[in-house]
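Read off the chains here:
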Amino acid sequence: MATAQDAVGRPVEQAIRRKLTNVLQPSILTITNDSWRHRHHAPMLETDGGNGETHFSVQVVSDAFSGKTTMQRHRMIYAALSEELENGLHALVLNTKTQAELRKAEVQTP
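Sequence order as written defines the numbering, with residues in each chain counted from 1. Selection of residues for local features in this predicted model requires a pLDDT of at least 70, selection of side-chain atom pairs for listing and counting requires 80 or more, and totals for whole chains, interfaces and linings are taken over all residues. Water and hydrogen atoms play no part in the side-chain values, which are based on all heavy atoms of the structure.

Draft legend 1. Looking closely at the overall build of the protein chain. By definition, any uninterrupted DSSP run of H or I lasting at least four residues is a helix, any uninterrupted run of E lasting at least two residues is a strand, and each is numbered from the N terminus. Summing up its helical and strand segments, the protein chain has five helices and three strands in all. Exposure categories follow from relative accessible area, calculated using a 1.4 Å probe and restricted to protein chains: below 20% of the type maximum is buried, above 50% is exposed, and the middle band is partly exposed. For the protein chain, with 110 residues in total, the buried portion stands at 32%. Exposure was quantified through the Shrake-Rupley algorithm and a 1.4 Å probe, taking into account, for residues, occlusion by the shown protein chains and nothing else. Of the roughly 7000 Å² that the protein chain leaves accessible, carbon and sulfur atoms contribute 52%.

Draft legend 2. Region of the structure containing the sheet that holds strand 3 (residues 91-97). Two strands are said to pair when DSSP picks up at least two bridges between them. Strand order in this open sheet of three strands is 1-2-3, and the pairing throughout is mixed. Each end of this open sheet is capped by a strand with a single partner; those strands are strand 1 (28-33) and strand 3. Mean inter-strand twist for the sheet, computed between neighbouring axes without regard to direction, equals 10°. Here six bridges tie strand 1 to strand 2 (residues 55-61), and the two strands are oriented antiparallel to one another. Bridge pairing links N33 to F56 in strand 2. Between two residues, a contact is recorded if the distance between any of their heavy atoms is within 4.5 Å. Angular values range over 0 to 180 degrees, each being the angle between N-to-C directions of two axes fitted as lines to C-alpha atoms, with helices fitted over their stretch in contact. Helix 3 (residues 70-80) rests against strand 2 and strand 3 of the sheet, and its axis sits at about 130° to strand 3. Against the sheet, helix 5 (residues 99-108) contacts strand 1, strand 2 and strand 3, and its axis sits at roughly 80° relative to strand 3.

See the structure below:
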């Protein structure tokens, strides 16, 4: 489990965690910083001197997604993170499920 000390120096990741927790009340929230994979791209070198917080993979399990399409779910996340997206967050890979969808996927996995 991440501690506050672990998150020092990672303001974008902290903001993602805080905002998605407030908006979605997730049962699972996994955030992976994938920025290192893109550090050599010219736009990433220019952004904030390459602060290392531009690309993230986010897995969210929340019943706030019930009855919503994948696009609606992603829009909820993009709306919550609009400030970060305007200020250097470049890309998100999103995996969004409800608790029921997660249970169904677990049952189908051999």
